[in-house]
Amino acid sequence: MASQSQGIQQLLQAEKRAAEKVADARKRKARRLKQAKEEAQMEVDQYRREREQEFQSKQQAVSRGGVEMGPPVCMLAMGSQGNLSAEVEQATRRQVQGMQSSQQRNRERVLAQLLGMVCDVRPQVHPNYRIAA
C-alpha cells in the first residue's frame, strides 16, 4: 500500500512540475509576443517619422519654389498650392461662363419646344389600358 501512495505522490509531483513548466512556457511566450509587438511599434513609428520628414521637406521645397529639387520635378511631385487653387478657380469660371453662354444661345429654342409640347395635347388611350369585359 505504501508503494501505491508513493507512486501516486510521484505522479502528483510530476503533474505539478509539468504544470509549472507549461505556465513558465506561457509566460515566456507572452513576454516574447509583448517584446515583438513593442519592436514592431517602434519600427512603425520610425517609418512614420521618416515619411513625415520627407513630406515636410518636399512641402518646404514647393513653398520655396522648388529650389532644392528644381521646378519641373517638384511641381510634378507635389504641385504648387497657390497655383493649384488659382487654376481650379479659373477653370471653374470658364465652365460657368460656357454654361451661361450656352443657356443664352439655346433659351428661345428650348422655350419654344417646351411650349409646343405643353400646348399640343393629343388625347389617346394608353397601351396598357384594358377594357373590363
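It should be emphasised that the depicted structure is a prediction, and the values quoted were computed from it without experimental measurement.

Conventions we followed
Throughout this description, residue numbers start from 1 for each chain and increase along the sequence as written. With pLDDT at 70 or above as the cut-off, local features in this predicted model cover only qualifying residues; side-chain atom pairs require 80 or more to be listed or tallied, and sums for whole chains, interfaces and linings still use all residues. The side-chain figures draw on all heavy atoms in the structure; neither hydrogens nor water molecules are used. Strands are runs of DSSP state E lasting at least 2 residues, helices are runs of H or I lasting at least 4, and numbering of each runs from the N terminus. Accessibility here uses a 1.4 Å probe with only protein chains present; expressed as a share of the type maximum, an area under 20% marks a residue as buried, one over 50% as exposed, and anything in between as partly exposed. Residue-level accessible areas treat just the shown protein chains as cover; the underlying method is Shrake-Rupley with a 1.4 Å probe. We define a polar contact as two N or O atoms separated by no more than 3.5 Å, with the added condition that, inside protein, one atom must be a possible hydrogen donor and the other a possible acceptor, whereas residues neighbouring each other in sequence contribute only through side-chain atom pairs. Patches draw on residues past 30% relative accessible area with no salt bridge. Two like charges within 9 Å are joined, as are two nonpolar side chains (Val, Leu, Ile, Met, Phe, Trp, Tyr) within 5 Å. Note on definitions: salt bridges are taken to be side-chain nitrogens of Lys or Arg within 4 Å of carboxyl oxygens of Asp or Glu. Note that His is not counted, nor are the chain ends; the positive residues are Lys and Arg, and the negative ones are Asp and Glu. The atom standing in for a charge is NZ when the residue is Lys, CZ when it is Arg, CG when it is Asp and CD when it is Glu.

Asker: Let's hear about the overall build of the protein: which residues, and what values?
Answerer: The secondary structure content of the protein amounts to three helices and zero strands. Mapped from its N terminus to its C terminus, the protein presents α and β elements in the order α-α-α. The buried share among the 133 residues of the protein stands at 5%. When the accessible surface of the protein is totalled, it reaches about 12,700 Å², and 55% of it is carbon and sulfur.

Asker: Requested: an account of the environment of His 126, with residues and values cited.
Answerer: If you trace the backbone, His 126 turns up in the segment after helix 3 (81-119). For His 126, the side chain forms a polar contact with the main-chain nitrogen of Asn 128, separated by 3.1 Å.

Asker: For a positive patch on the surface, give the residues involved together with the corresponding values.
Answerer: On the surface, Arg 26, Lys 27, Arg 28, Lys 29, Arg 31 and Arg 32 cluster together into a patch of positive charge. Judged by relative accessible area, Lys 27 falls into the exposed class, the value being 52%.

Asker: So, the pattern of salt bridges: which residues are in play, and what are the values?
Answerer: Taken as a whole and judged by the stated rule, the model has five salt bridges. The partner of Arg 48 in a salt bridge is Asp 45, with the nearest N and O atoms 3.6 Å apart. Residue Arg 48 and its partner Asp 45 are located together in helix 1 (residues 2-63), separated by three residues, close to a single helical turn. On the basis of relative accessibility, which here comes to 28%, the residue Asp 45 falls in the partly exposed class. For the salt bridge of Arg 122 with Asp 120, the shortest nitrogen-to-oxygen distance reads 3.1 Å. By relative accessible area, Arg 122 is classed as exposed at 65%. What emerges from the salt-bridge pattern is a single network uniting Arg 51, Glu 54 and Lys 58.

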